[in-house]
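Coordinate inspection notes
Each chain, letter by letter, is given below.
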Amino acid sequence: MNLFLELRRHGKLADKRNPMYEKSRFAKFWIYLMIAFWAGYLIFFGTSFAFAFEGEAKEAYHILNAGLLFVLALDFLTRLPFQKTPTQEVKPYMLLPIKRSRLIDILLIRSGMDTYNLFWLFFFVPFAILTVARFYGVTGVITYILGIWLLMLINNYWFLLCRTLMSERFLWLLLPVGVYGAIAAAMFIPEHSPVFEFSTTVGEGFIQADPLTFIGTVAVIALLYLTDRMVISHMVYNEINKVEETTVQVKHVSEYRFLERYGQVGEYMRLELKLLLRNKICKRALYSAGGVVVMFSAMIAFTDIHQENMRNFWVMYNYTLFGILFLSTIMGYEGNYIDGLMSRKESIYALLQAKYAIYTAGQLFPLLLMLPAAIMGKISFMGLISWFLFIPGFVYFCMFQMAVYNNKTTDLNNKMTQRNVGTGMQNLISFAAFGVPLLMLFVLDFFFEKATTEWIFTIIGLIFITTSRFWLKNVYQRFIKRRYVNMEGFRNSRQR
């Protein structure tokens, strides 16, 4: 316990010494505001779900318990852009007489105590009060909520295992895809699926405080915990004791010569493509995001989603994911060689133009993947186009403002031994990238018809895309005014 508290104190001191600490404190208010919005959103859906099935033959909690795996799958996917692996600067502590296993245990315990694991309770608590309490009283509500929290702990350690393995080898993406694919097949192929029955039984066991159900759930948590402990310990050991490669055999190098026609901007587009496709960390993040977009697109096209808000969320998620992964830390990778970039006049402006062109063109990938869903009538063509224009327009405009304030270098090599915690402003932008478009959609749908809302989103996106040259110039000018502060921050935060 003493070591746990000491490392927690070290983490707080590291946050306070961060060059962006003051901005993070300012951003906390807006982060709390976004959290309150999402909490209200879940409370609304939990209450609505309870009343929607009030007249059904089965009680509402029976129906929800049968679909608990859908909730867990959605929770897994929403963790991807926000939840980081529980990294810590373990390398300095290795020189002290502290067991590496104790450090890993502390990281895993902190991950289990993360408040994100409680967030879905905003949905389940009002739902349980309105449905479970009538039959099982307060005790049934408490045991049910406790069981849901344990399921979120399972999801937390399951996500941590998948995310850690995928950071090492992209092919590990097949693990969650295979597991969820097998579960989906077991749900929908048989006429009477045992998966739905099992899920319902687990939910009933929580409500009735069945000891075997709770013991089985805790056993799964313990198994995943030990697996995570072994995997993370192995990867930390390999990273700390790695040997730098002195010779690299390159079989094929793409020079992207077709970009030469765009002059200096084309050169920086080539630099950005090389950063994304040759650096291991960026490449794995790119592949992981691509795999998630493929999976979401398949779910939109080949599953029956009657909830229109859920379809809109998945479509927006596909478009926004790339931007959140790379643009919330914009200029962070360039912090490793910022001195070279600043040596040429207006090089940062050309770099910002190149980044905007690359990530806007990248939106074609989710657009093409979701076209089959539009052809099948699952989503409207106009809705698909409106998000396609709105995200690189308005949302990217907001994300590119971070280029002025980001002054923390993002390491290109270490994954497990670096302290990888986003600043408050970066977390705020990530939350806003999801929350603001959905809030705008909710408000506009309340006052206008669906077609009118789609046209409004399209027009807003087109305005910001066509004026990108002007607001990118403004971002560049503000960056130049802060260049010495930013360069000092980049230098101080580089891994040594």
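Residues numbered from 1 in each chain as written. Predicted model: local features only at pLDDT ≥ 70, side-chain atom pairs only at ≥ 80, totals over all residues. Heavy atoms only, no water.

This part takes up the overall build of the protein chain. Secondary structure assignment for the protein chain yields 23 helices and zero strands. The 496 residues of the protein chain split such that 50% are buried. Contacts in the protein chain between residues at least 24 apart in sequence constitute 82% of all its contacts with a sequence separation of at least 6. Here the protein chain displays about 25,000 Å² of accessible surface, and carbon together with sulfur accounts for 65% of that area. (Helix = DSSP H or I, 4+ residues; strand = E, 2+ residues; numbered from the N terminus. Buried < 20%, exposed > 50% of the residue type's maximum accessible area, 1.4 Å probe, protein only. Contact = heavy atoms within 4.5 Å. Areas by Shrake-Rupley, 256 points an atom, 1.4 Å probe, with all protein chains shown as cover.)

So, on to the confidence of the model for the protein chain. For the protein chain, the mean per-residue pLDDT works out to 80, and 82% of the residues sit at or above 70. Taken element by element, the predicted model of the protein chain shows its lowest mean pLDDT in helix α5 (residues 90–93) (60) and its highest in helix α21 (residues 450–466) (93). (pLDDT = per-residue confidence, 0-100.)

Throughout the structure, instances matching the rule amount to six salt bridges. For D75, the salt bridge is made with R79, and the minimal N-O distance between the two is 2.8 Å. Placement of both D75 and R79 in helix α4 (residues 68–79) is noted, with a separation of four residues, approximately one turn of the helix. With a relative accessible area of 0%, D75 lands in the buried category. The structure contains a network of salt bridges with shared partners spanning E272, E334 and K355. (Salt bridge = Lys/Arg side-chain N within 4 Å of Asp/Glu carboxyl O.)

Along the polypeptide, F442 turns up in helix α20 (residues 424–447). On the accessibility criterion, F442 (46% relative accessible area) is partly exposed.

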